[in-house]
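Remarks on the overall topology
Okay, here's what each chain looks like letter by letter:
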Amino acid sequence: MRLIKSVEEMQQASLECRMMGRKIACVPTMGALHEGHLSLFEQAKESADVVVVSIFVNPTQFAPNEDFHSYPRDLDRDLGICQEKAVDFVFLPEADDMYPPDHSFFVGEEEISKILCGVSRPNHFRGVSTICTKLFNIILPDFVVVGMKDAQQAVLLNRLIRNLHFPIELIVGPTVRDDDGLALSSRNMGLSESQRKEALKIYQALCSAQQLTEKGIINSDRLIAEVTNHLGQSLRLRVIYVKAVNLDDMKDVREVTSGQTLLAVAVWMDQLRLIDNIVL
Ligand code: PAF
């Protein structure tokens, strides 16, 4: 495994790989790696000759009142995992290189970034689009591998890749869950035992809607009401949204189309913002 901190060195290493005809898969991360990331590393390995994992807690995707400073960071552990998993390159840029003092460019998106999480996090997806554009230009990947847990982000990146003509194929890996159903997330590291127990109700609520669809109930309002009611039984969960949307463009749907409708949830659990989703 080669650790690279400099933008120029990473770009050079990627150019050399490409000149040798080697395909590059990039897994962009903010560190605090977990099994979900490891499954993305595996998919990256299956698709390409070279795997580049970027680790960068991107300040521009956090609002001033959000958890940028308390976001979990454990670099030694992350590097150990990348080494163990035989990742070829870890790209670990400095914030000043990614956002130099004269930084004045952002990549804005006008549709997907304005709905679901974009309503309560208005600049979040601008930050994600900006950092991913930079990473794509530096790492020059043939494939980018992201997780379905962040389904809206995956749809946004797919649109970004197509709209900005990046010669990249996006691979979206399935959400990895603990045995009890909790979707793996770096932010779970901040959950106490009792919070974790409450957080489980998110997946249980999604499953209760799934069960209704299996009985033939496909009206979105009915399913959203079911999930909202389920979540409301917990005094510690505050619903931000529950939505049934089309998997391709994240637009609201009135009825479920099997395999094509995403049921997505965002909640506050005390001071932590958690998201999850299932494809119905
Ligand atoms: O999903 C994440 O970890 C981040 O949003 C990403 C894609 C690495 C961009 O900072």
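Refer to the structure above for everything that follows.
What you see is a predicted model; the values in this text were computed from it and never measured.

1. Some remarks on the pairing of strand S2 (residues 24-29)
In summary, the side chains of a regular strand alternate between the two faces of the sheet. With respect to burial, S2 is a largely interior element, 5 of its 6 residues being buried. As judged from the 6 bridges shared by S2 and strand S3 (residues 50-55), these two strands associate in the parallel manner. Its bridge partner being in S3, Ala 25 is matched across the sheet by Val 51. The parallel pair S2 and S3 is bridged by helix H2 (residues 35-47), and the resulting crossover is right-handed. Of the pairings in the sheet, the one linking S2 to strand S5 (residues 143-147) comprises 2 bridges and is parallel in character. When the sheet's bridge partners are listed, Ala 25 is paired in S5 with Phe 143.

2. A closer look at the side chain of Ser 186
Summarising the element assignment, Ser 186 is placed in the loop between strand S6 (169-173) and helix H8 (193-214). Under the relative-accessibility criterion, Ser 186 is labelled buried at 5%. Separated by 3.0 Å, the side chain of Ser 186 and the backbone oxygen of Ala 32 make a polar contact. Excluding anything up to four places from it in sequence, Ser 186 contacts Gly 31, Ala 32, His 34, His 37, Tyr 71 and Pro 72.

3. What to know about the environment of Tyr 241
Tracing the sequence through the fold places Tyr 241 in strand S7 (residues 237-246). Of the residues examined, Tyr 241 reaches a relative accessible area of 10% and is grouped as buried. Linking Tyr 241 and Val 267, residues 26 residues apart in sequence, is a C-alpha distance of 7.0 Å. When near neighbours in sequence (up to four residues on either side) are disregarded, Tyr 241 contacts Leu 116, Cys 117, Gln 152, Ala 264, Val 265, Ala 266, Arg 273 and Ile 275.

4. Comments concerning the sheet that holds S6
Taken in spatial order, the 6 strands of this open sheet run S1-S4-S3-S2-S5-S6, and their pairing is parallel. The open sheet terminates on both sides in strands that have one partner only, identified here as strand S1 (2-4) and S6. Shown here is a sheet whose adjacent strand axes are inclined to one another by a mean of 25°, direction ignored. Strands in contact with helix H7 (residues 151-163) are S5 and S6; relative to S6, the strand with the most contacts, it is inclined by about 170°.

5. A closer look at the environment of Asn 188
Relative to the helices and strands, Asn 188 is located in the loop between S6 and H8. It is 9.2 Å that separates the C-alpha atoms of Asn 188 and Ala 199, two residues lying 11 residues apart in sequence. In contact with Asn 188, not counting residues within four places along its chain, are Leu 182, Ala 183 and Leu 274.

6. A closer look at unusual backbone geometry
Keep in mind that most residues, glycine aside, have a negative phi and that most peptide bonds are trans. A positive phi is found at Ala 32, a non-glycine position, where the angle reads about 50°. When you line up the elements, Ala 32 lands in the loop between S2 and H2. Positive phi, close to 50°, is recorded for Asp 270, a residue that is not glycine. Locating Asp 270 in the fold gives a position in the loop between strand S8 (261-269) and strand S9 (272-279). Residue Asp 270 is classed as partly exposed on the basis of its relative accessible area, which comes to 34%.

Conventions adopted
Residues numbered from 1 in each chain as written. Predicted model: local features only at pLDDT ≥ 70, side-chain atom pairs only at ≥ 80, totals over all residues. Heavy atoms only, no water. Buried < 20%, exposed > 50% of the residue type's maximum accessible area, 1.4 Å probe, protein only. Helix = DSSP H or I, 4+ residues; strand = E, 2+ residues; numbered from the N terminus. Pairing = 2+ DSSP bridges. Right-handed = clockwise from strand over helix to strand, strands pointing away. Polar contact = N/O pair within 3.5 Å; in protein donor to acceptor, adjacent residues only side chain to side chain. Contact = heavy atoms within 4.5 Å. Axes fitted to C-alpha atoms, helices over the stretch in contact; angles between N-to-C directions.

No statement about biological role is implied by the geometric values presented.
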